[in-house]
Amino acid sequence: MSISQASKNLVSVASNAGPSRSLERPREAASEHRENPPTPLRAITSASGFVFPAIWSFPPFFTLQPNPSTLSHQLTLWTNLVLSWAAHERMFMLNCDSPEPGQVFHNKSIKRKLLPGSMRTLLSHMAQEGHAALDPPKQSPPTTYLIYWRKPDEWGQMIYDWVMDHGLATSIMTFYEITDGDMSETTDFREMPVPLLRKSLETLVKKGRAQIIRGEGDSGDGARFF
Amino acid sequence: MRKGVGISGLSRHTATTTSYASLSNTISTNQLASLQTSLDAFRDALTSFAIAHRADIRRDPAFRHQFQKMCAAIGVDPLAGSNGGGSSSSSASGWRAEMLGLGEWDNEVALQVVDVCVSTRDRNGGMIEVGELVRRIDKMRGGNSLISPEDVYRAIDLLRPLGSGYSLKPVGGSIYIRSVPRELDTDQSTLLVIAAAAGGRLREAEVKRNTGWTEVRVRTALEDCIMREGMGWIDEQAYGGRDVWLIAAVNFDETSSPAMHPD
């Protein structure tokens, strides 16, 4: 017996059970299944203050659509949502196999999740569009991604401006000092993962405004700005 | 009257019919002439009214609608009318355009109708409820000079000569605008009615119960909504199976302030 058949049987058992049905059926399931008057789907504000748009409460949003043009629209909506959510939460990396990859992928009030397979499709789409990058670059299957709610060159510029504003030009800073030092506490790149920091600094190197200096181990590496 | 028999009877009958016909023609002509006169008078009055209130007509959707109803009643502007039907007549719309300067305004609304229909087609498969269309256009117009459903209906009539295939589709209690030329088949229209009553959601079992269709017919109709029309979205995580949602029938409330999440 398949899961869907099993749950269908469960429903019919529950609805035949009469007055005791509320005992046999989970309350949420019952409320989800009453003949609902058409209520508008509304935006929802999370505890952390992020506003999920109304489409996030649309159950099929969490199933990738088989119609190609619907799917392409859906992936665009998801991409924008993930980017703005990640920016709000300062989420730098996402892991498709994580049981709880983030609130955006799981709407508890409608009991819908973006399942790992769908999340892979979404993130690989985002990577193709330049809004994410596999990190490490070679993975099979592709699972962990850097999320570019800012692109590496924007991060690079931001770090460069910050270094200049603090009069740190020409001094050598370790990666750790940049992302975790006292001075970066209020910055958006606070606790940025090293791979993303490296990509961001590389954009500065290309412009001739920084030099990456090898140290021992990743956190031992440093950079000089000019 | 004595019933005429034979040849003379026949010819008398013909003569009677002919004179009746000519009499009725005369009356009709007279009536028509007097009607024409009063129509002309009315039209003149309407014209001066229109010129005096041009600003109000352009600004206020309710006022504009009333005015259009008045025009439609005397056949001055057959484009107006709440059913959106009627054939277009260039002289009448020309009058409207000239006297009111509304031609440009009409074109603008028509363009905005096209804009919204095309830009939302990916998500709704070219089927949009008139209320949502109006809201989106109002937003696009930046909140000044609101439009009404009647303006949309007229815009669609205006688009008809272009062969763009925009049409009105009454479903349940609402009117939908179909912006792809293909007709919805009756099964899909039925599905839309059912979905509209349930906030957009369709369950195979419910559809079957509501329509008495066979399982195969239900499945095919749902499948067509998704794959052929692009107005259906699948929800594979539905409790107890698979739901199909017709996005045109879903009410997305983008305007009121967000609800707080329980988490």
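So, a few notes on the structure that sits alongside this text. Because the structure is a prediction, the values reported are computed rather than measured.

**What to know about the pattern of salt bridges**
All names here are of chain B. What the rule picks out here adds up to 18 salt bridges over all chains. For Arg-242, the salt bridge goes to Glu-223, with nearest N and O atoms at 3.8 Å. With Arg-242 in the loop between β5 (232-235) and β6 (243-246) and Glu-223 in helix α11 (residues 215-228), the pair connects residues that are 19 residues apart, well separated along the chain. By relative accessible area, which is 36% here, Arg-242 ends up partly exposed. Glu-223 sits in the partly exposed class, given a relative accessible area of 36%. Between Arg-228 and Asp-224 there is a salt bridge whose closest N-O contact spans 3.6 Å. You can see Arg-228 and its partner Asp-224 sitting in helix α11, 4 residues apart, about one turn around the helix. Salt bridges linked by common partners bring Glu-204, Lys-208, Glu-215 and Arg-219 together as one network.

**Brief notes about the sheet that holds strand β2 (residues 167-171) of chain B**
Residues and elements named next belong to chain B. Ordered by their spatial adjacency, 3 strands build an open sheet running β1-β3-β2, and the pairing between neighbours is antiparallel. On the outer flanks of this sheet lie β1 (127-129) and β2, each paired with one strand and no other. When the angles between neighbouring strand axes are averaged without regard to direction, this sheet yields 35°. With 3 bridges connecting them, β1 and strand β3 (residues 174-178) associate as antiparallel partners. What sits directly across from Glu-129, in β3, is Tyr-176. Together, β1, β2 and β3 form the strand contacts of helix α9 (residues 186-197), whose direction differs from that of β2 by roughly 55°.

**Notes on the interface of chain A and chain B**
Every contact between the two is made by 45 residues of chain A and, on the other side, 35 residues of chain B. Between chain A and chain B the total buried area reaches about 3,500 Å² when both faces are included, carbon and sulfur atoms providing 57% of it. Interface area lost by chain A to chain B is led by Arg-42, Phe-58 and His-73 of chain A, which between them contribute 15%. Linking chain A with chain B are 1 salt bridge, by the criterion used here. Connecting chain A to chain B are 8 residue pairs in polar contact (both at pLDDT 80 or more). Only α1 (3-16), α3 (27-33), β1 (41-42), β2 (44-45), α4 (68-89) and β6 (112-113) of chain A provide two or more residues apiece to the side of chain A that touches chain B. At 5 residues, α4 of chain A tops the list of elements feeding residues into the side of chain A that touches chain B. Of the residues in the side of chain A that touches chain B, the class split is 21 nonpolar, 16 polar and 8 charged. Bridge count for β1 of chain A against strand β7 (residues 252-253) of chain B is 2 bridges, and the pairing is parallel.

Cut-offs used in this document
Residues numbered from 1 in each chain as written. Chains lettered and ligands numbered in written order. Predicted model: local features only at pLDDT ≥ 70, side-chain atom pairs only at ≥ 80, totals over all residues. Heavy atoms only, no water. Salt bridge = Lys/Arg side-chain N within 4 Å of Asp/Glu carboxyl O. Helix = DSSP H or I, 4+ residues; strand = E, 2+ residues; numbered from the N terminus. Buried < 20%, exposed > 50% of the residue type's maximum accessible area, 1.4 Å probe, protein only. Pairing = 2+ DSSP bridges. Axes fitted to C-alpha atoms, helices over the stretch in contact; angles between N-to-C directions. Contact = heavy atoms within 4.5 Å. Buried area = accessible area lost by both parts, 1.4 Å probe. Polar contact = N/O pair within 3.5 Å; in protein donor to acceptor, adjacent residues only side chain to side chain. Nonpolar A, V, L, I, M, F, W, Y, C, P; charged D, E, K, R; others polar.

Worth remembering: the numbers are spatial, not functional.
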